[in-house]
Amino acid sequence: MGTLYYGDSGTPIGIEDRALAHLKIAITTKLRRGESFTLSWQHAEDQPRGRSTLWLHASIPLRFVFDEPEAPELSRQWIEDLMRSANSTGGIRLVPEHLDTDPIPTIAGQPVQVGVDVQEVDSPTESQPA
């Protein structure tokens, strides 16, 4: 669980590391452009019921702290979703990542069978040029 510190508030905001890494890209991009916006999220189950919103501005100190030492692999689609919401009148809404779990489409009459449709590639030998 990562932490977002904003302004002089003594209240840290706990956000899962992967989500925080994506938010960091969207937030810093907007602030680097000199654009202010809001960030909204629903409270975690261990907090009082409700939601919160911050007004983000480049003049207000901001710090991202991650529990994991390695940065996660980022999803371009999730960053784009966050950037689109940042450009809306409602600002960034922290929403779960949308994972593509749909089956891979196939062409009717051409089923793909693992191990059957794969051709073995001969490795070059001394008699064959590399």
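Here the structure is a predicted model, which is why all the values come from computation and not from measurement. All residue numbers here refer to positions counted from 1 along the written sequence of the relevant chain. With the structure being a predicted model, the display of local features is reserved for residues of pLDDT at least 70 and the display and counting of side-chain atom pairs for 80 or more, all residues being used for whole-chain, interface and lining totals. Computation of side-chain values covers all heavy atoms of the structure but excludes hydrogens and water.

We now examine the overall build of the protein. Numbered from the N terminus, helices here are DSSP runs of H or I no shorter than four residues, and strands are runs of E no shorter than two. Counting its secondary structure elements, the protein contains two helices and six strands. Secondary structure elements of the protein, listed N to C terminal, follow the sequence β-β-α-β-β-β-α-β. Across the 130 residues that make up the protein, the buried fraction comes to 26%. All accessibility values rest on the Shrake-Rupley procedure with a 1.4 Å probe; residue burial counts only the protein chains present in the view. In the form shown here, the protein has an accessible surface area of approximately 10,000 Å², with 52% of it arising from carbon and sulfur atoms. A simple rule labels every residue: compare its accessible area, found with a 1.4 Å probe on the protein chains alone, to the largest value its type can have, and call it buried under 20%, exposed over 50%, or partly exposed in between.

Take Thr38: it is sitting in strand E3 (residues 37-42). Polar contacts involving the side chain of Thr38 include one to the main-chain carbonyl oxygen of Gly90, which spans 3.0 Å. Under the rule applied, a polar contact is a pair of N or O atoms within 3.5 Å (in protein, one hydrogen donor and one hydrogen acceptor; residues adjacent in sequence only if both atoms are side-chain atoms).

Let us look at the pattern of salt bridges. Any Lys or Arg side-chain nitrogen found within 4 Å of a carboxyl oxygen on Asp or Glu counts as a salt bridge. In this structure the tally under the stated criterion is two salt bridges. Of the charged contacts in the structure, one is a salt bridge between Arg84 and Asp81, with a shortest N-O distance of 2.6 Å. With Arg84 and Asp81 both in helix H2 (residues 76-86), this residue pair falls three residues apart, about one helical turn. Given a relative accessible area of 22%, Asp81 falls into the partly exposed group.

Paired rings are identified among Phe, Tyr and Trp, the last through its six-membered ring, by centres lying within 6.5 Å, and are further divided according to the angle between planes into stacked (under 30 degrees), edge-to-face (over 60) and tilted (the rest). Tallied over the entire structure, the rule returns zero aromatic pairs. Charges are assigned to positions over rings by a cutoff of 6 Å between ring centre and Lys NZ or Arg CZ, combined with an angular limit of 35 degrees from the ring normal. When the ring centre of Tyr5 is taken as origin, the NZ or CZ atom of Arg63, which lies over that ring, is 4.3 Å away.

This next bit is on the sheet that holds strand E1 (residues 2-6). Here the rule is simple: two strands pair whenever DSSP picks up at least two bridges between them. With antiparallel pairing, three strands are arranged side by side in an open sheet as E2-E1-E5. Each edge of the open sheet is held by one strand with a lone partner, namely strand E2 (13-15) and strand E5 (62-65). Strand-to-strand twist in this sheet, taken as the mean axis angle between neighbours without regard to direction, amounts to 20 degrees. In the sheet, E1 pairs with E2 via three bridges, with the strands oriented antiparallel. An axis is simply a line fitted to the C-alpha atoms; with a helix, the fit covers only the stretch in contact. Between two such axes, the angle follows the N-to-C directions and lies from 0 to 180 degrees.

Those residues of H2 not exposed but buried are Trp78, Ile79, Leu82, Met83, Ser85 and Ala86. Across the axial projection of H2, the buried residues extend over an arc of 160 degrees, all falling on one side. Throughout, a contact is declared for two residues whenever any of their heavy atoms are within 4.5 Å. Check the buried side of H2 and you find it contacts helix H1 (17-32), E3 and strand E6 (92-93). Working definition: the arc comes from the directions between the helix axis and the C-beta atoms, pointing outward to the latter.

Further remarks concern the sheet that holds E6. The strands that make up a sheet are held in pairs by hydrogen bonds between backbone atoms, and each pair lies either parallel or antiparallel. Spatial strand order, E4-E3-E6: three strands in an open sheet with mixed pairing. The open sheet has two edge strands with one neighbour each: strand E4 (51-56) and E6. In terms of strand pairing, E3 meets E4 through six bridges, oriented antiparallel. Bridged to Thr38 within E4 is Trp55. Seen against the sheet, H1 touches E3, E4 and E6 and runs at an angle of roughly 160 degrees to E3.

Moving on, we come to the confidence of the model for the protein. Note: pLDDT gives the predictor's confidence per residue, expressed from 0 to 100. The pLDDT averaged across the protein works out to 79; a share of 75% of its residues lies at or above 70. For the protein, E6 is the element with the lowest average pLDDT, namely 87, and E5 is the one with the highest, namely 93. With pLDDT under 50 throughout, residues 112-121 is counted as low confidence; its partners more than four residues away or in other chains account for two contacts.

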